[in-house]
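Next come the chains, spelled out residue by residue.
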Amino acid sequence: MSVHSLPSVEHLDVLIVGAGLSGIGAAYYLQKEQPGKSFAILEAREASGGTWDLFRYPGIRSDSDLHTFGYEFKPWVNDKAIADAGAILAYLREAAAEHGIDRKIRYHHKVVSANWSSQAQRWTVEVEVQGTSARKTFSCQWLFSAAGYYRYDEGFSPRFDGAERFKGQLIHPQHWPENLDYRGKRVLVIGSGATAVTLVPAMTDQAAHVTMLQRTPTYVISLPSRDPIANGLRRILPDTWAYALTRKKNISLSRAIWRLCQTYPQAARRVIRWTNRLQLPKGYPVDEHFNPPYNPWDQRLCAVPDGDLFKAISAGKASVVTDHIDTFTEKGVRLKSGRELEADIIVTATGLNLQLFGGIGLTLDGAPVDLASKVAFKGMMLSDLPNLAFIVGYTNSSWTLKVGPICEHFCRLLAHMDQQGFGVCTPHVPSADMPTRPLLDFGAGYVQRALPHLPRQGAGAPWVMSMDYQQDVAILREGAVDDPCLQFTPARFGAAPQSTSSAGTTALRAAA
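Treat the numbers as computed from the prediction; the structure is a model and nothing was measured. (Residues numbered from 1 in each chain as written. Predicted model: local features only at pLDDT ≥ 70, side-chain atom pairs only at ≥ 80, totals over all residues. Heavy atoms only, no water.)

Q: Pulling in residues and values, what's your account of the overall build of the protein?
A: In terms of helices and strands, the protein carries 14 helices and 27 strands. For 512 residues, the compact-globule estimate of 2.2 N^0.38 gives 24 Å, and the protein sits close to it at 24 Å. Here the C-alpha coordinates of the protein stretch approximately 75 × 55 × 50 Å along the principal axes. Across the 512 residues in the protein, those meeting the buried criterion constitute 54%. Counting contacts in the protein only where the partners sit at least 6 residues apart, residues at least 24 apart contribute 71% of the total. When the accessible area of the protein is evaluated, it comes to approximately 22,300 Å², of which 52% is carbon and sulfur surface. Here the protein contributes 53 positive and 48 negative side-chain charges, whose respective centroids are spaced 3 Å apart. (Helix = DSSP H or I, 4+ residues; strand = E, 2+ residues; numbered from the N terminus. Rg over C-alpha atoms; globule rule 2.2 N^0.38 Å. Buried < 20%, exposed > 50% of the residue type's maximum accessible area, 1.4 Å probe, protein only. Contact = heavy atoms within 4.5 Å. Areas by Shrake-Rupley, 256 points an atom, 1.4 Å probe, with all protein chains shown as cover. Lys, Arg positive; Asp, Glu negative; His and termini not counted. Charge placed at Lys NZ, Arg CZ, Asp CG, Glu CD.)

Q: Outline the pattern of salt bridges, supporting the account with residue identities and numerical values.
A: Enumeration according to the criterion identifies 24 salt bridges in this entry. Notably, a salt bridge pairs Asp418 with Lys37, separated by 2.8 Å at the nearest N-O pair. Remark: Lys37 occurs in the loop between helix H1 (21-33) and strand S2 (39-42) and Asp418 occurs in helix H11 (residues 403-420); sequence separation between them is 381 residues. With a relative accessible area of 15%, Lys37 lands in the buried category. With its nearest N and O atoms 2.5 Å apart, the salt bridge here joins Asp287 to Arg273. Here Arg273 lies in helix H8 (residues 265-279) and Asp287 lies in helix H9 (residues 286-289), a separation of 14 residues in the sequence. Among the residues examined, Asp287 registers a relative accessible area of 41% and is labelled partly exposed. (Salt bridge = Lys/Arg side-chain N within 4 Å of Asp/Glu carboxyl O.)

Q: Can you break down the sheet that holds strand S17 (residues 345-348) residue by residue, with the values?
A: The strand order S8-S17-S9-S10-S13 describes an open sheet built from five strands, whose pairing is parallel. Bordering the open sheet on either side are strand S8 (169-171) and strand S13 (318-322), each of which pairs with just one other strand. Between one strand axis and the next, the sheet turns by 20 degrees as a mean value, whatever way the strands run. Strand direction decides the pairing type here: strand S9 (residues 186-190) and strand S10 (residues 209-214), joined by five bridges, are parallel. The partner of Val187 across the bridge, within S10, is Val210. Lying over the sheet, helix H5 (residues 194-203) contacts S9, S10, S13 and S17, oriented at roughly 165 degrees with respect to S10. (Pairing = 2+ DSSP bridges. Axes fitted to C-alpha atoms, helices over the stretch in contact; angles between N-to-C directions.)

Q: Could you give an account of the packing of aromatic side chains, naming the residues involved and the relevant values?
A: Taken as a whole and judged by the stated rule, the model has 20 aromatic pairs. Aromatic pair Phe55 and Tyr57: ring centres 5.9 Å apart, planes at 70 degrees, arrangement edge-to-face. Since its relative accessible area comes to 9%, Phe55 is described here as buried. Through a chain of ring-to-ring contacts, the aromatic side chains of Tyr28, Tyr29, Tyr71, Phe73, Trp76 and Tyr91 assemble into a single cluster. Across from the ring centre of Phe39, 5.1 Å away, lies the NZ or CZ of Lys104, which sits over that ring. (Phe/Tyr/Trp six-rings, centres within 6.5 Å; stacked < 30°, edge-to-face > 60°. Lys NZ or Arg CZ within 6 Å of the ring centre and 35° of its normal.)

Q: Help me get a handle on the packing of helix H6 (residues 228-236) against helix H7 (residues 239-263), residues and values and all.
A: Between H6 and H7, whose axes approach to 8 Å, the crossing angle comes to 155 degrees. With respect to their mutual orientation, H6 and H7 come out roughly antiparallel. As H6 runs across H7, the sense of the crossing is right-handed. Together, Ile229, Ala230, Leu233 and Arg234 of H6 and Asp239, Ala242, Leu245, Thr246 and Lys249 of H7 make up the contact between the two elements. Looking at side-chain class alone, the contact of H6 with H7 contains five nonpolar, one polar and three charged residues. (Parallel < 35°, antiparallel > 145°, perpendicular 65-115°, else oblique. Left-handed = near helix turned anticlockwise from the far one by under 90°. Nonpolar A, V, L, I, M, F, W, Y, C, P; charged D, E, K, R; others polar.)

Q: Break down the state of the cysteines for me, citing the residues and quoting the values.
A: Evaluation of the coordinates by the stated rule reveals zero disulfides. Cys302 forms no disulfide, and the closest cysteine sulfur to it belongs to Cys261, at a distance of 13 Å. Judged by relative accessible area, Cys302 falls into the buried class, the value being 5%. Just so you know, Cys407 is unpaired, no disulfide at all, and the nearest cysteine sulfur is the one on Cys411, 6.7 Å from it. (Disulfide = S-S within 2.5 Å.)

Dropping the structure here:
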């Protein structure tokens, strides 16, 4: 076969996978700190925004304040600190447009596989163009996964006995029907996490009644949807100054609350229970429905803006039932207690399926990569995987807080490699018997189900997935790039094409 009949290969320095919070953030830092690097963002869906464009269920919002959930480089100027998906999506897309990042996004581009060639010192990435039979090939020096950690095509739905008998509508929030009519209908939401506590009060505006059915209670705390300090500062200071001060305040506050819960869990439990009692009707069984068997922050605390869930319960528009499902019936659900909950619509807010790197099939010189055998390095690379970086945000704070430190460290790493003439960077564990532990120290069911298939972390730095922002600032933003556990390999002449022209394509084939 002649060279001219081969499909063209587009060559880039960095290929970012995912055009959500992490991908747009990574692109900003890359073009700011490394303006000479070529890059593109590949997005499988038809629009940017990731989670905030995918989920369409009623009331979808953040459960973190936008002064920390927003980017450090772009002030959040909306007067609501806890915002709905529409406002968040507008903010993300505005950030991308302001910095020309939107022009770097290739939509309908789903990455299916990536192979690292030690000879070429590059990744070859195979892409499906969604909605067509076309495939594309990219090559890049660095592959950067900003695809989050859960599957976009399916949520988690446990098998419910008798579900096929139910005569009403059965819906998973990840696949919410467009224009669902629930006016005057009885809605049963199965679950107790962030999605459930968002859905329940949001649907009471039209539903006849909404019931949240949970097996185990969750810690639920009320937060003001508006931050009076942030809004006050914006009236007297430039937006950038007000945002920076509010961000610093909220980072310190959330970190202090998390540490308090970790250090004094029983005291934290009593405080949360006390605030719940104040917002619920007198005599309400708080211990039955809002007193989990685990300590605060063993799983994520669910925040409800302005106590909307408690207000819906107090108004009689919503209720909580703590019990186990025996079977679905034609009219609803029969519980193990013998009680039957009738419903016209059942929503299974039962969680997510975790999937690292968007399910990309990774190979090294053609050999499949077993992610479960790898160990996280500085929470941004994996052992024995060359030139691969990723972002997984915090589970105990705003996801986006992790984006800045990781991307800044990544850009400093690229600069170090260029200065020293290195083409490859690979973390290696110091010894084969180094003790490891699960990648995420988090008790949520969706995490526990996936742990056997995820990489692991070590007992100490640099082999940890830190959940402490200040620790990450010290290590990633201020700490050295070089490390005894990092192996650098000199760039091989001819192994890294510098352009996407046909000449560059021919050069890569010749090198390969």
